[in-house]
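Inside the fold
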Amino acid sequence: MAEDSDVEKTEEPTGRRLSQAREEGQVPHSRELGSFLVLMVAASAFWMLGAWLAQRAVVIMSRGLDMDPAFLKQPELALLRLYDLSLDALISFSPLVLALIIACLVPPFVLNSWVFSTKAIMPDLNKLDPIAGIGRMFSWNSLMELVKSILKAVIIGGTAVLVLWKHWDEIFGLMSMPLEAGLASAGDLLSFAFLLIVSAMFVIVLADVPFQIWQYYDKLKMTKDEVRRENKEMEGDPMVKGRIRSLQREAARKRMMAAIPEADVIVTNPTHYAVALSYKEGMGAPKVLGKGMGVIAQRIKALGAEHGVPLLEAPPLARALYRHAEIDDEIPGALYGAVAEVLAYVYQLSRWRSLGGEYPMPPRDVRVPPELAVPAEAA
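These notes cover the structure that comes with them. All residue numbers refer to positions counted from 1 along the written sequence of the respective chain. Whole-chain, interface and lining totals are the exception, using all residues; otherwise, since this is a predicted model, local features are given only for residues with pLDDT of at least 70 and side-chain atom pairs are given and counted only at 80 or more. Only hydrogens and water are set aside when side-chain values are computed; all heavy atoms of the structure are taken into account.

Quick look at the overall build of the protein
Going along the chain from the N terminus, every DSSP run of H or I of four or more residues is numbered as a helix, and every run of E of two or more is numbered as a strand. Of regular secondary structure, the protein possesses 15 helices and 4 strands. Relative accessibility thresholds used throughout: buried, under 20% of the residue-type maximum; exposed, over 50%; partly exposed, between the two (1.4 Å probe, protein chains only). The buried share among the 379 residues of the protein stands at 30%. Note on contacts: a residue pair is in contact if any heavy atoms of the two residues lie within 4.5 Å. A separation threshold of at least 6 residues defines the contact pool for the protein, and within that pool the share at least 24 residues apart is 75%. Of the roughly 24,900 Å² that the protein leaves accessible, carbon and sulfur atoms contribute 64%. Residue exposure ignores everything except the shown protein chains as possible cover, and the areas themselves are Shrake-Rupley values with a 1.4 Å probe.

Shown next, in the form of structure tokens:
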């Protein structure tokens, strides 16, 4: 059962999965919504602007069929007339064209699926797989398309029959009306029928849009194993992360060791801890160049001895510095006094090395404030 649950796609798609799908051009899409909006805009435009558009069309056609004798002598005038008529037609029908363009662009925004991806237009040989094609023929999508086709036929056909039945007398009455009045009445009747039929298609849109959204998310569902692998990729493999942390610590340790020769003094525990300190002119307070315990402490001491860095045994201070001071940071203010004693000894030692004289005695009892003191057993 556990293996089955890992194979079945029961988990909702993650944000990363949805983002990858959008990058590949996979977004929820309803052709019925797009068709409905375009047809509804066209029907509404013809209902409101039909008479004016018909009038403009008649004027443009009349001007086009008007034969000017001057065209026989100057054929280039016919081209000017064609240019004027084309510009007039473009201006007259531009509101309808603009409305249709907007109607084509609106559906993706309604479904939050506006995206541009070149991957969607790349050739995919998998789409030519006959077995997969047969599978698509018996899929939920194919069944939904069949249901929609039946609904379209029933709704559009039924609406058309209802309009014909309702306006039967008016349709036959057109034959007895004058030409202009008959054309106007026929135009109004056709516009009303067109608008009514398109409005009936809204029922199909109400069924198709939720289905397309459900099918989109259902297609992107993931197995439990896929979710686990994605989480591992996002968070990183524990072994890889551990290796990275190990490399980072090793790099930091190398940088620390490279700075030890620049230290002014190394405070030791004497064997368990070692903290390298430096104080140069312009510093606000002494800074910790490096610290370590155990093997690292021994390496710090050996490197300091190799480069002639003074070593001072001050166990309480070494423990306090190791616990409360970080590498490359200044020492805590509460330890200024204790470190000042150590640095004073270092300067005396440096002077003795340069000028000789009486050997300076190292401080025997460097006191640490109680709040920063670290017991030997706790350290």
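A look at the sheet that holds strand β1 (residues 265-268)
For two strands to be treated as a pair, DSSP must find no fewer than two bridges joining them. The 4 strands are arranged β3-β2-β1-β4 in an open sheet whose pairing can be described as mixed. Looking at which strands have only one partner, the edges of the open sheet turn out to be β3 (287-293) and β4 (311-313). Between one strand axis and the next, the sheet turns through 20° on average, direction left out of account. Pairing analysis gives 4 bridges linking β1 to strand β2 (residues 273-278), with the strands arranged antiparallel. Within β2, the residue paired with Val265 across the bridge is Leu277. Packed onto the sheet, helix α13 (residues 295-306) meets β1, β2, β3 and β4 and runs at close to 130° relative to β3. Along the sheet, helix α15 (residues 336-355) makes contact with β1, β2 and β4, crossing β1 at roughly 130°. Here, axes are lines fitted to C-alpha atoms. For helices the fit covers the stretch in contact, and angles between N-to-C directions go from 0 to 180 degrees.

Notes on the nonpolar core
Grouping buried Ala, Val, Leu, Ile, Met, Phe, Trp, Tyr and Cys residues that are joined through side-chain atoms within 4.5 Å yields what is termed a nonpolar core. Counting 25 residues, the largest nonpolar core has Val267, Leu277, Leu317, Leu321, Leu335 and Val339 as the members making the most contacts within it. Of all elements in the fold, only β1, β2, α14 (315-324) and α15 reach the threshold of two or more residues within this core. Among the elements that take part in this core, α15 stands out by supplying 7 residues, more than any other. Leave out the neighbours within four places in its chain, and Leu335 touches Leu317, Ala320, Leu321, Val368, Pro369 and Leu372. Listed in part, the 14 residues of the second largest apolar core include Ile260, Ala263, Ile266 and Ile300.

Some thoughts on unusual backbone geometry
Phi angles above zero are rare outside glycine, and Asp328 is one such case at about 70°. Relative to the helices and strands, Asp328 resides in the loop between α14 and α15. We classify Asp328 as exposed; its relative accessible area is 52%.

Description of the pattern of salt bridges
Every case where a carboxyl oxygen of Asp or Glu lies within 4 Å of a side-chain nitrogen of Lys or Arg is listed as a salt bridge. Following the criterion strictly, the structure yields 10 salt bridges and no others. Lys224 is the salt-bridge partner of Glu11, the closest N and O atoms lying 2.9 Å from each other. One end of the pair, Glu11, is in the loop between α1 (2-7) and α2 (15-23); the other, Lys224, is in helix α11 (residues 224-235), and 213 residues separate them in sequence. Of the charged contacts, one joins Arg229 and Asp225 as a salt bridge, the two residues approaching to 2.3 Å between their closest N and O atoms. Of this pair, Arg229 and Asp225 are both found in helix α11, 4 residues apart, which corresponds to roughly one turn of the helix. Arg229 sits in the partly exposed class, given a relative accessible area of 43%. With a relative accessible area of 30%, Asp225 lands in the partly exposed category.

With respect to the pairing of β3
For β3, the tally of buried residues reaches 5 of 7 residues, placing the bulk of the element in the interior. Note that β2 and β3 share 6 bridges and pair antiparallel. Considered in β3, the bridge of Ser278 is made with Lys287.

Overview of α14
Restricting attention to buried positions, one finds in α14 the residues Leu317, Ala318, Arg319, Ala320 and Leu321. The inward-facing, buried residues of α14 abut β1, β2 and α15.

So, the pairing of β1
Every second residue of β1 is oriented toward a common face, with Val265 and Val267 on one face and Ile266 and Thr268 on the other, all of them buried. Count of turn residues in the β1/β2 antiparallel hairpin: 4 residues.

Observations regarding the packing of aromatic side chains
Within 6.5 Å between ring centres, the rings of Phe, Tyr and Trp (the latter by its six-membered ring) count as paired, and their orientation is classed by plane angle as stacked under 30 degrees, edge-to-face over 60, tilted in between. The tally for this structure, following the rule as stated, stands at 5 aromatic pairs. Summarising the aromatic geometry, the rings of Phe211 and Trp214 are spaced 5.9 Å apart at their centres and angled 35° between planes, so their arrangement reads as tilted. Here Phe211 pairs with Trp214, and both are found in helix α10 (residues 202-219), just 3 residues apart, close to one helical turn. On the accessibility criterion, Phe211 (11% relative accessible area) is buried. Taking the centre distance of 5.2 Å and the plane angle of 80° together, the rings of Tyr216 and Tyr217 count as edge-to-face. Judged by relative accessible area, Tyr216 falls into the buried class, the value being 10%. Whether a charge lies above a ring is judged from NZ of Lys or CZ of Arg, which has to be within 6 Å of the ring centre and within 35 degrees of the ring normal. The ring of Tyr322 has Lys291 lying over it, and the distance from NZ or CZ to the ring centre is 5.0 Å.

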